[in-house]
Amino acid sequence: MIDQSHDRLLIIDFGSQVTQLIARRLRELNVYCEIHPFQKVTDAFLADFQPRAVILSGGPASVFADGAPMPPSTVFDLGVPILGICYGQQVMMHVLGGKVERGHGTAEFGRAYVTPMTQKLALLDGWFQTDREQVWMSHGDHVSAIAPGFEVYGTSPNAPFAITGDVKRNFYAVQFHPEVHHTPNGAKLYENFVALAGFKGDWTMGAYREEAIAKIREQVGSGRVICALSGGVDSSVAAVLIHEAIGEQLTCVYVDHGLMRKDESAQVVGMFREHYNLPLIHADESDLFLGTLEGVSDPETKRKIIGGLFIEVFEKYAKEIGGADFLAQGTLYPDVIESVSFSGGPSVTIKSHHNVGGLPERMNMQLVEPLRELFKDEVRALGQELGLPASFIGRHPFPGPGLAIRCPGEITRAKLDILREVDAVYIDQIRKHGLYDEIWQAFVAILPVKTVGVMGDGRTYDYACALRAVTSVDGMTADYYPFTHEFLGETATRIINEVPGINRVTYDITSKPPGTIEWE
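Computed from a predicted model, the values in this text were never measured in an experiment.

Describe the overall build of the chain, and please don't skip the residues or the numbers.
Within the chain one finds 14 helices and 20 strands. Over its C-alpha atoms the chain spans a radius of gyration of 25 Å, differing by no more than 12% from the 24 Å that the globule rule assigns to 520 residues. Across its three principal axes, the chain shows a C-alpha extent of roughly 75 × 65 × 40 Å. For the chain, buried positions account for 59% of its 520 residues. Surface exposure of the chain reaches about 21100 Å², of which carbon and sulfur atoms provide 50%. Charge separation in the chain, taken as the distance between the mean sites of 45 positive and 65 negative side-chain charges, equals 1 Å.

This is the structure we're talking about:
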C-alpha cells in the first residue's frame, strides 16, 4: 500500500481497455490512485483502502448480463465522491434505482457532442464555453431513467442523460469517456472532480522515489538482486533506483541477445561502466538466442522463447555471483495492461510482453519491479529526479525482445544485419532533420517478402522495409508522425543506396489503435 499520508483515489475496473488512461489523467494532477478489478473490491478491501473518492470505469459488459460486473453496494455508503464513466454510469443508475435499457438504435460509438442544461454543476466548470462539448462515446445500452436524487446536466442525441449528478451525495455519472484524447476537455472534468473530493495533489515523482526506495528495501531486506539491464530508459531508471535503495546488493546483467541495434551493446556497456558505479556483467548470449529462434516465425512464440531464455540467462549469472534472491526488471504499466489486466481484471489480452507473459512459472527468484505502476513519461520524470542525463532519458523506447519483433517472419542473421544498417540510416536522418525529440518512437521493420527492383541496368530481388514513427504521450495510444514527402523520399534514397539487400521502402501510417506501435 502507498504511504497513508497520501489521499487515495480508487478506480474500480470493469474491463475497459482505457481504464489506465483514467489513472494517467489523475497522475497528471498529482493525485495518487490505484486500479483494482471489481472482483477484488470487497467490503473488507474498502475498509482497508479508505479512498477519498471512487471512479467506476467503463467496460464491455451489459448490466443485464448474467454475472454482470458490479461493485459492492457499500461503495455508495462510503460518503465519498463517486464518478461513473460509461458502463460505470449504467452501474450507478442500475444499483441506485434508475433504469438502463438495451441499445435499440441509441448506441453511440465515436465522436459525439453534448449540450448543456440550464443548471450549473461544479464538475463542469470550464466546460461549455460554446453551446456544445465534443466527447467520445462507446456504448450500446443507455440510461433511460435516472436514479432518485440525480439531475440531468448534459445531453447528446443518443444519450439523453449524458451527464447526471446528485450534488447532495457528490455522485456524478457521464455516458462518455473523458479520459481519452477525443474528449478534448476531459482533463478539466477530472480536475474538477478531484477538487470536489478535496485532493491536495501531493503525489509527485519526488514522493514516488522516496516511497519506491522504502518498498524496495522492505521487499529485498538483506537479499541480493540481479537486474535485467537492457540499456533502455526503463531498465536503466530501475537499476539506478534500486542501486540507490540497496547499493552493492545489486548486480546488473546486460544480456546481449544478438537482437540489438547497430553498435548498441558497446555503447550501453561503456556508458554504465564509465558513468555509473553499478556492478555490471556483459553477457554475450547471442548464439543461444539466435540459435533457439532459428526457424521460428510466430510472434507470440518468439516473445515466449525470448522471455524464457532471459530468465535462464539471469539464473545462470545469478549462480556465478554466488546466488540472487530477486530479479529486477523495468516493467511498465502499459506492458502489464497489454499483457493482462493490471490487477487481474477482466480486460482482454492484446499481446504478451517478454518480461510479463514470458516468465516461466519455474522461476527461482522473486520479481522486483519498481516501475510497474508508471507510464513512460513518468519513468522519464523519475529519471530526471534521479539525475540521469536528459539526453539519455529522452531516448526512444526500445523493446526487450529487440529486433526480433521488427523482423516479422523467420529471423536470420543476414536479415538482422540488414535491419541494423537500415535502422541506423533512418535514425541518422531523423536526427539530421532535428525531428528526434518530436517523435515518441521510430524504427524500421524488415518485411518477410522480397520484391523486384532495378538498379542501374540490372534486376534486383531484395527485401522491402517499412519505416515507422509515432507520436504519443504514454504509449497507450499513438498516431503516425507526419513526415514530409521530401524527407521520406530523401530517406528512401539513402537506404536503398547505402544498404545492400533493400530495394523498396514504405512508410507505416497506422495509428494505435487499431495497430500496435511495434509490428509484432
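Describe the sheet that holds strand β15 (residues 326-328), and please don't skip the residues or the numbers.
Think of a sheet as strands paired side by side through backbone hydrogen bonds, with each pair either parallel or antiparallel. With parallel pairing, 5 strands are arranged side by side in an open sheet as β14-β13-β12-β15-β16. At either end of the open sheet lies a strand with only one pairing partner, and these are β14 (280-284) and β16 (366-368). Adjacent strand axes in the sheet meet at a mean angle of 30 degrees when their direction is disregarded. Pairing of strand β12 (residues 225-228) with β15, which is carried by 3 bridges, proceeds in the parallel orientation. Across the sheet, Cys227 pairs through a bridge with Ala328, a residue of β15. Running over the sheet, helix α6 (residues 233-246) touches β12, β13 (250-256), β15 and β16 and is turned about 160 degrees from β13.

Explain helix α7 (residues 264-275) to me, using residue names and the numbers behind them.
In this model α7 runs 16 Å from its N-terminal to its C-terminal C-alpha over 12 residues, within 8% of the 16 Å that 1.5 Å per residue would give. All buried positions along α7 are accounted for by Glu264, Ser265, Val268, Val269, Gly270, Met271 and Phe272. Each element contacted by the buried residues of α7 is listed here: α6, β13, β14 and α12 (390-393).

I'd like a description of the layout of surface pockets, backed by residues and values.
The volume enclosed by the second largest pocket comes to roughly 440 Å³. Contributing to the lining of the second largest pocket are 17 residues, with Arg261, Gln267, Arg395, Ile427 and Arg431 lying nearest its centre. With 6 residues, the single largest contributor to the lining of the second largest pocket is helix α13 (residues 413-432). Grouping the constituent residues of the lining of the second largest pocket by class yields 5 nonpolar, 3 polar and 9 charged.

Explain the environment of Glu248 to me, and be specific about the residues and the numbers.
Within the fold, Glu248 resides in the loop between α6 and β13. Residue Glu248 is classed as exposed on the basis of its relative accessible area of 54%. C-alpha of Glu248 to C-alpha of Val225: the two residues are 23 residues apart in sequence and 9.2 Å apart in space. With sequence-adjacent residues up to four places away left out, Glu248 is seen in contact with Arg224, His243 and Pro279.

Describe the packing of aromatic side chains, and please don't skip the residues or the numbers.
Taken as a whole and assessed by the stated rule, the structure comprises 15 aromatic pairs. A centroid spacing of 5.4 Å and a plane angle of 65 degrees characterise the contact between Phe14 and Tyr87, whose relative ring orientation is edge-to-face. Here Phe14, found in the loop between β1 (8-13) and α1 (19-28), pairs with Tyr87, found in helix α3 (residues 87-96); they are 73 residues apart in sequence, far enough to count as distant. The pair formed by Phe14 and Tyr87 is uniform in burial state, with each residue classed as buried. Measuring from ring centre to ring centre gives 5.9 Å for Phe76 and Phe171, while their planes differ by 70 degrees; the resulting arrangement is edge-to-face. Of this pair, Phe76 sits in the loop between β3 (53-56) and β4 (82-85) while Phe171 sits in strand β11 (residues 171-174); the two residues are 95 residues apart in sequence, bridging distant segments of the chain. With a relative accessible area of 9%, Phe76 lands in the buried category. Here the aromatic residues Tyr426, Tyr480, Tyr481, Phe483, Phe487 and Tyr507 are joined through ring pairs into a cluster of three or more. The cationic tip of Arg261 hangs over the ring face of Phe398; the distance from NZ or CZ to the ring centre is 3.9 Å. We note Lys450 situated over the ring of Tyr463; from NZ or CZ to the ring centre the distance is 5.0 Å.

Reading the values: the criteria
- Residues numbered from 1 in each chain as written.
- Predicted model: local features only at pLDDT ≥ 70, side-chain atom pairs only at ≥ 80, totals over all residues.
- Heavy atoms only, no water.
- Helix = DSSP H or I, 4+ residues; strand = E, 2+ residues; numbered from the N terminus.
- Rg over C-alpha atoms; globule rule 2.2 N^0.38 Å.
- Buried < 20%, exposed > 50% of the residue type's maximum accessible area, 1.4 Å probe, protein only.
- Areas by Shrake-Rupley, 256 points an atom, 1.4 Å probe, with all protein chains shown as cover.
- Lys, Arg positive; Asp, Glu negative; His and termini not counted.
- Charge placed at Lys NZ, Arg CZ, Asp CG, Glu CD.
- Pairing = 2+ DSSP bridges.
- Axes fitted to C-alpha atoms, helices over the stretch in contact; angles between N-to-C directions.
- Contact = heavy atoms within 4.5 Å.
- Expected span 1.5 Å × (residues − 1).
- 1 Å grid on protein atoms, 1.4 Å probe; cavity = no way out; pocket = protein on both sides within 12 Å on 5 of 7 lines; lining within 4 Å.
- Points joined across faces, edges and corners; volume = space filled by probe spheres on them.
- Nonpolar A, V, L, I, M, F, W, Y, C, P; charged D, E, K, R; others polar.
- Phe/Tyr/Trp six-rings, centres within 6.5 Å; stacked < 30°, edge-to-face > 60°.
- Lys NZ or Arg CZ within 6 Å of the ring centre and 35° of its normal.

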